[in-house]
Amino acid sequence: MPQVLRSSTVIKSHFCALFPRLASAEWSIKSPKDDRYQCIAWAACRTHIRWWPVSGHPTVHWPPGAPLDDSVDAFAESFSRLGYERCTGAIDDACSRFEIGYQKVAIYATSDRCVLHMARQQFFGKGWLSKCGSLEDIQHADLRSIEGDPSPLVAALGQTYGEVAAILRRSWWSALTRFCLFRCAWAALKFWTYRKKHGQWRV
Amino acid sequence: MLEYCDPPAGISEWRESRESWDSHSFDELDAKRALASALNGASAKAKSIGIEERFNDLAAVWAHETAHLSSPAQIMMHPSYQAILGMASTDKTQIVRLMISDLKENRRPWFWALSYLTNANPVKQSEAGKMDKMIKSWVEWGKQHGLT
């Protein structure tokens, strides 16, 4: 089964071991464990496919014509095809704040700017949504909660998402014309129904 | 005493009787062959079980420790994944068989390793990233090649 329901205790201990900052942060579980999509696809509002730029080997999807490179600049350029543009200003300040009329995504990377993860801002700015690989989709209050050591060596060992390297934004209109708002709303409704059916996860 | 080049007095002096060959040596030989075959089979089976156990252990560690990752490079750099690829150098067919079986049962993404080991890729471009379809394609490929 692609979707697996784990208890909140198991999920909490797993996530806190992976991301120690979550232990003292505000966060919640939004979806069951699902291997059909991951963070990049979820940032692009997709829940049925895995996205990553890999050349010459179709095991992951990437928008046709987008750069096949895992650098922050290449991801920013690829997401510009979905209507996103780079936020200017400090990441901690204006960029990461909610702005009415804009949907935002954050790119996590190593210190040498290799992308490791992406998060999407909740539609009403209540936090950030991260689909952690094949695990659950979580909502964390701030971007720093899942940051870790940005060293490429630690990243090579798979022990970190690095740090937020860029924040992109697009207008709601741009998201609407690409059916992304509909996809996000549909996924949110699906997960809400799932949570109601199987009991609220509290962490 | 006969000299080396002297002909034997009778054929029975230098040739074992037909009875002796039929009743003892051939039977013994067959028994030994059967025993050797059984031992080889048992050894291969034991080896196979050993490989399967090791594969399952490594695959479980790999899946657990990379479950939160999205980057294929990070996922494939994991030591357990590399160890499994190393195991394929001694018994590639068995490892490919185990990967396809594991893909089907546990949905662990062995796609890149399978392509690397088999020089094949049954996943169509339009199916890239779609787990269910990619698993189906590889399982079908395994069936066609007698690996499932």
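Conventions and cut-offs
Residues numbered from 1 in each chain as written. Chains lettered and ligands numbered in written order. Predicted model: local features only at pLDDT ≥ 70, side-chain atom pairs only at ≥ 80, totals over all residues. Heavy atoms only, no water. Buried < 20%, exposed > 50% of the residue type's maximum accessible area, 1.4 Å probe, protein only. Helix = DSSP H or I, 4+ residues; strand = E, 2+ residues; numbered from the N terminus. Pairing = 2+ DSSP bridges. Axes fitted to C-alpha atoms, helices over the stretch in contact; angles between N-to-C directions. Parallel < 35°, antiparallel > 145°, perpendicular 65-115°, else oblique. Left-handed = near helix turned anticlockwise from the far one by under 90°. Contact = heavy atoms within 4.5 Å. Nonpolar A, V, L, I, M, F, W, Y, C, P; charged D, E, K, R; others polar. 1 Å grid on protein atoms, 1.4 Å probe; cavity = no way out; pocket = protein on both sides within 12 Å on 5 of 7 lines; lining within 4 Å. Points joined across faces, edges and corners; volume = space filled by probe spheres on them. Buried area = accessible area lost by both parts, 1.4 Å probe. Salt bridge = Lys/Arg side-chain N within 4 Å of Asp/Glu carboxyl O. Polar contact = N/O pair within 3.5 Å; in protein donor to acceptor, adjacent residues only side chain to side chain.

A. Just the pairing of strand β8 (residues 137-140) of chain A, in detail. Residues and elements named next belong to chain A. Here β8 shows no split at all, with Asp137 and Gln139 on one side and Ile138 and His140 on the other all buried. Judged from the three bridges that link them, strand β2 (residues 27-29) and β8 form a sheet pairing that is antiparallel. Note that in β8 the partner of Ile29 across the bridge is Ile138. Pairing of strand β7 (residues 128-131) with β8, which is carried by four bridges, proceeds in the antiparallel orientation. In the strand pairing of β8, Lys131 is matched with Asp137. With antiparallel pairing between neighbouring strands as the criterion, β7 and β8 make up a hairpin whose turn holds five residues, including Gly133 at a positive phi of roughly 60°.

B. Expanded view of the packing of helix α6 (residues 111-118) of chain B against helix α7 (residues 131-144) of chain B. All names here are of chain B. The interhelical angle for the contact between α6 and α7, taken along N-to-C directions, is 30°, at an axis separation of 11 Å. One finds that α6 runs roughly parallel with respect to α7. In terms of crossing hand, the pair formed by α6 and α7 is left-handed. Touching Phe111, Leu114, Ser115 and Thr118 of α6 are Met131, Met134, Ile135, Trp138 and Trp141, all from α7. Residue composition of the contact of α6 with α7, grouped by class: seven nonpolar, two polar and no charged.

C. Seen up close, the layout of surface pockets. In this structure, the largest pocket occupies an estimated 490 Å³ of space. Around the largest pocket, the lining is made up of 25 residues, and of these A:Lys33, A:Ser134, B:Ala63, B:Asn106 and B:Arg108 lie nearest the centre. Contributions of two or more residues to the lining of the largest pocket are made by β3 (33-34) of chain A together with α2 (18-66) and α5 (92-106) of chain B. It is α2(B) that provides the largest number of residues to the lining of the largest pocket, a total of five residues. For the lining of the largest pocket, the residue count by class is twelve nonpolar, five polar and eight charged. One number sums up the size of the second largest pocket: a volume of about 420 Å³. Taken together, the elements giving at least two residues each to the lining of the second largest pocket come down to β8 and α7 (180-198) of chain A. Looking at the lining of the second largest pocket, the element that brings in the most residues is α7(A), giving seven residues. By residue class, the composition of the lining of the second largest pocket is ten nonpolar, three polar and five charged.

D. Structural detail: the interface of chain A and chain B. The interface of chain A with chain B comprises 29 residues on the first partner and 24 residues on the second. Summed over both sides, the interface of chain A with chain B buries roughly 2200 Å², with 59% coming from carbon and sulfur. The tally of links between chain A and chain B comes to one salt bridge. Linking A:Asp35 and B:Arg107 is a salt bridge whose minimum nitrogen-to-oxygen distance equals 2.8 Å. Summed over the shared surface of chain A and chain B, the number is nine residue pairs in polar contact (both at pLDDT 80 or more). Listing elements by their share of the side of chain A that touches chain B, those giving two or more residues are α1 (8-18) and α5 (152-156) of chain A. Here the side of chain A that touches chain B is composed, by residue class, of 16 nonpolar, ten polar and three charged.

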